[in-house]
Amino acid sequence: ISLKFFEPKKVLLIFSIFIIAFSARAYLISTTQKYNGFIDLCTYIDSGQLVSRGINPYDFSDGLKTRNKLRIDNIAFNEVSCKDQHTWNIWASFNLPFNLLIFGAIDRVSSEPNTYRFAFALFDCLLSVFVGMYVFKFWPGRFSFYRYLLILGLSAFSPILINWGVLMAEDKGTQILFMVAALYFAQSQSRKLRIYLGPIALGASIAYKGLGVFLIPLCYHYAFRHSNIALELKTPIRDRVIYLLLTFIFVFVWFIPFMPEVFNFIRFRLMGGVTLPVHASI
C-alpha cells in the first residue's frame, strides 16, 4: 500500500493512532487518581499558578503573599516541596521559561491535577501522531499491520511514556514531540515546512528543556542537504539565514517575560548539574 501524505487511508490510520493513544491515557488517568500528589506534578501546578497570576517564578520577591498562599493551600500540596517558602520557590521555578508558559496556559483552564495530566496526555497523543507520520514517511518498506503495531508500541503504548507521562505525570513527552517534529519537518520535501516550521519546532525543542540543542547539526544537515549552492547561491544562503534566525528567535523569545531573573536560574541549574549530577532524563 503506497501511503502519500493526504491519502485518506493514511489520514485514517493517523487519526486512529491519536484516538487509541488518548483512550488509553484517559482510562489510566481516571483509574490512577492516587498519583495526583506526585511531587513533579505538584511543582508544575505551582509554576502554572504563578505564571497565570502574572508572577515571575524566578523572582522570589515577586508576589510574596500569593506565593505563601499557594504554598499552604490544598492544591498541589507536597510535604517535600512545600516544607518552607524558600524550598517551594525553588521547586516552582525549576523549569525553563517555555515550560512555565505552557504550565501557565494550562492553569488558565484549571489548577486541578487532572487538567495538567490530560494536557500532558494530549501532547503525548500528538507525539504518537508524529511518530506515526515519521515512520510512514521515512522508514523504508511498505505499510503493514505489523508496522502499525510497531508505531503503537513506540508511542501510544510505549511503557516509558505511559509510566513517565501518564502514571507519573511528566511533560517529557512534550519535549520528545518537539524533537520528533523538528526532525520530521527538517526532512520535508516542502521548502516552507523545512525552512519555516522546521526551525520553529527545533527552537521549541531547545527552549522547552534544552535537549533539542543536540539536534541542531542533524536538523541543519537534513534541511539543506539537497541545496545546490553551485547552481543557486543566493537562495540557499538566504534560507540558511532564515533557518538559523527563526531557531534563535524561538529559543529566546520565551525568556523575555522573565528577564533578568531567569539567568540566575540557568546558572544555578548548570552549576548543579556540572558539579554533582544527580539524575538525568531524555
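Thresholds applied
Residues numbered from 1 in each chain as written. Predicted model: local features only at pLDDT ≥ 70, side-chain atom pairs only at ≥ 80, totals over all residues. Heavy atoms only, no water. Helix = DSSP H or I, 4+ residues; strand = E, 2+ residues; numbered from the N terminus. Buried < 20%, exposed > 50% of the residue type's maximum accessible area, 1.4 Å probe, protein only. Contact = heavy atoms within 4.5 Å. Areas by Shrake-Rupley, 256 points an atom, 1.4 Å probe, with all protein chains shown as cover. Core = buried A, V, L, I, M, F, W, Y, C linked by side-chain atoms within 4.5 Å. Axes fitted to C-alpha atoms, helices over the stretch in contact; angles between N-to-C directions. Parallel < 35°, antiparallel > 145°, perpendicular 65-115°, else oblique. Left-handed = near helix turned anticlockwise from the far one by under 90°. Nonpolar A, V, L, I, M, F, W, Y, C, P; charged D, E, K, R; others polar.

Visitor: Provide a residue-level description of the overall build of the protein chain, including the pertinent values.
Guide: Looking only at helices and strands, one finds 13 helices and 0 strands in the protein chain. Secondary structure elements in the protein chain, listed N-terminal to C-terminal, are α-α-α-α-α-α-α-α-α-α-α-α-α. Within the protein chain, buried positions represent 48% of all 282 residues. Within the protein chain, contacts between residues at least 6 apart in sequence are counted, and of these 72% link residues at least 24 apart. Of the accessible surface of the protein chain, which amounts to about 14,800 Å², a share of 69% is contributed by carbon and sulfur atoms.

Visitor: With reference to specific residues and values, describe unusual backbone geometry.
Guide: The peptide bond linking methionine 259 to proline 260 adopts the cis configuration, its omega dihedral lying at 0°. The backbone of alanine 76 sits at a positive phi, close to 60°, despite the residue not being glycine. In this fold, alanine 76 is placed in the loop between helix H3 (64–72) and helix H4 (85–92).

Visitor: Describe the nonpolar core, with residues and values.
Guide: Within the largest apolar cluster, 39 residues are counted, with the highest numbers of intra-cluster contacts made by Phe130, Leu202, Cys219 and Tyr243. Elements with a minimum of two residues in this core: helix H1 (8–31), helix H6 (113–138), helix H7 (145–154), helix H9 (172–186), helix H10 (191–209), helix H11 (216–224) and helix H12 (234–252). Setting aside residues no more than four positions away along its own chain, tyrosine 243 makes contact with Ala186, Arg194, Ile195, Gly198, Pro199, Leu202, Cys219, Tyr220, Ala223 and Phe224. By size, the runner-up hydrophobic cluster in this structure holds 27 residues, among which are Phe38, Val51, Phe178 and Tyr208.

Visitor: Can you break down the packing of H1 against H6 residue by residue, with the values?
Guide: Any two packed helices are characterised by the angle at which their axes cross and by the distance between the axes. One way to put it is that H1 packs onto H6 with a least axis distance of 9 Å and a crossing angle of 150°. One finds that H1 runs roughly antiparallel with respect to H6. Classified by chirality, the crossing of H6 by H1 is right-handed. Here the contact of H1 with H6 is composed, by residue class, of 17 nonpolar, 3 polar and 4 charged.

Visitor: Which residues make up the packing of H3 against H4, and what values go with them?
Guide: Two elements in contact, H3 and H4, have axes whose closest approach is 10 Å; the angle formed by their N-to-C orientations is 90°. Taken as axis vectors, H3 and H4 run roughly perpendicular relative to one another. Side by side, H3 and H4 meet where Arg67, Asn68, Leu70 and Arg71 of the first sit next to Gln85, Trp88 and Asn89 of the second. When the residues that make up the contact of H3 with H4 are grouped by side-chain class, the tally is 2 nonpolar, 3 polar and 2 charged.

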